[in-house]
Each structure stands twice: as C-alpha cells, then as structure tokens.
Amino acid sequence: LIVGQAPGLKVHETGLSFNDPSGNRLRAWLGIDRNEFYDESKIAIMPIGLCFPGRNKTGGDLPPLKACAPLWHHRLLPFFPNIKLTLLVGSYAQKFYLKKRRKISLTNTVQAFEEYLPQFFPLPHPSWRNTGWIKCHPWFESIVLPRLKKITRENML
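In this report, we go over the structure that sits alongside the text. Fair warning: this is a prediction, and the values are worked out from it, not measured in the lab.

1. So, the packing of helix H2 (residues 21–30) against helix H8 (residues 138–156)
Here's step 1: As a packed pair, H2 and H8 sit with axes 7 Å apart at the nearest point and diverge in direction by 80 degrees. By the criterion of interaxial angle, the relationship of H2 to H8 is roughly perpendicular. Contacts between H2 and H8 involve Ala28, Trp29 and Leu30 from the former and Phe140, Leu145, Leu148, Lys149 and Thr152 from the latter.
Here's step 2: Broken down by class, the residue content of the contact of H2 with H8 amounts to six nonpolar, one polar and one charged.

2. Let's talk about unusual backbone geometry
Here's step 1: That bond from Leu117 to Pro118 is cis: its omega, 10 degrees, falls within 30 degrees of zero.
Here's step 2: Positive phi values are uncommon outside glycine, yet Phe18 reaches one of about 55 degrees.
Here's step 3: Tracing the backbone shows Phe18 in the loop between helix H1 (9–14) and H2.
Here's step 4: Located in the positive-phi region is Lys99, a residue other than glycine, with phi close to 50 degrees.
Here's step 5: Of note, Lys99 is situated in the loop between helix H5 (91–98) and helix H6 (106–111).

About the cut-offs
Residues numbered from 1 in each chain as written. Predicted model: local features only at pLDDT ≥ 70, side-chain atom pairs only at ≥ 80, totals over all residues. Heavy atoms only, no water. Axes fitted to C-alpha atoms, helices over the stretch in contact; angles between N-to-C directions. Helix = DSSP H or I, 4+ residues; strand = E, 2+ residues; numbered from the N terminus. Parallel < 35°, antiparallel > 145°, perpendicular 65-115°, else oblique. Contact = heavy atoms within 4.5 Å. Nonpolar A, V, L, I, M, F, W, Y, C, P; charged D, E, K, R; others polar.

This is the structure:
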C-alpha cells in the first residue's frame, strides 16, 4: 500500500495517482516500472486526502483536508486484505499512521525507517521540491533506497 499526500492538480485532472514527475521519481525509488506500479494486484494507492485540496497564495498545493483520512481510511483498508508493507510517503502520511511513534522530524523518521519495518516504510515526498533535501542527506540514496528496492521486490513476489 502506498499512502501519499493528496492528488496534485495533474493527478486530479487525469484520475491516475502519481501520474506526474513525483510518480516517476517514486517508481525509480521503488525500482519498478509504470506497468508494475499500476498493477492493482500488486500495489494499492490511497492518499491521506482523497481530492485535490486547492492552491495556496504562492501557487503551491494546500495540505490534505484534515477530516479526510480519519473519515475514510478505516473504511477503505478492509478492501486491501493482503497488504504486506505500507509506504508512508511524506509527513502527512507519517503523522497519521505513526502517530507518537514518528520522530521529531521527517528526516529523523526516514532515517529510522528500520524501526517501522515490517509494517511501514517512511519516505519523503518524491516531489521536485525535495531535491535539495535529498542532496543534503546522501544516506537516503546510499542506504534507504537500496533497502526500499529490495523490500519492494520481495513484497511484490
């Protein structure tokens, strides 16, 4: 299961989750192609916010609506009975699912990813806005991503 933030405008307009550059980066992180990613027998996708939240004053996406996940996630999860791993993509997903178990920051939470296995795997959002974060934290590409690819492959078999 991939739990993301909320659909961006392009995703909202196409109706296909991660159908944007963020999705390209996420698929590369997972080491899978577009066909595998959208194979519903292998991967389920459920955002924290189920609709496009709109734009803020500077043109960025607003955060997911706070009422959405508490209202819908417990109702939708039974439709995914064979979840082996849940990827928590971004701080909104981590806050909702890890609650008090998450660390003081997204960086610390992602760095401590082993603590949340085998149930959860926290990740930063794959947005281009996080390119600087990735460059400042080389351990993400050298330690986290190889482990993510290995676990993804094992769970998709």
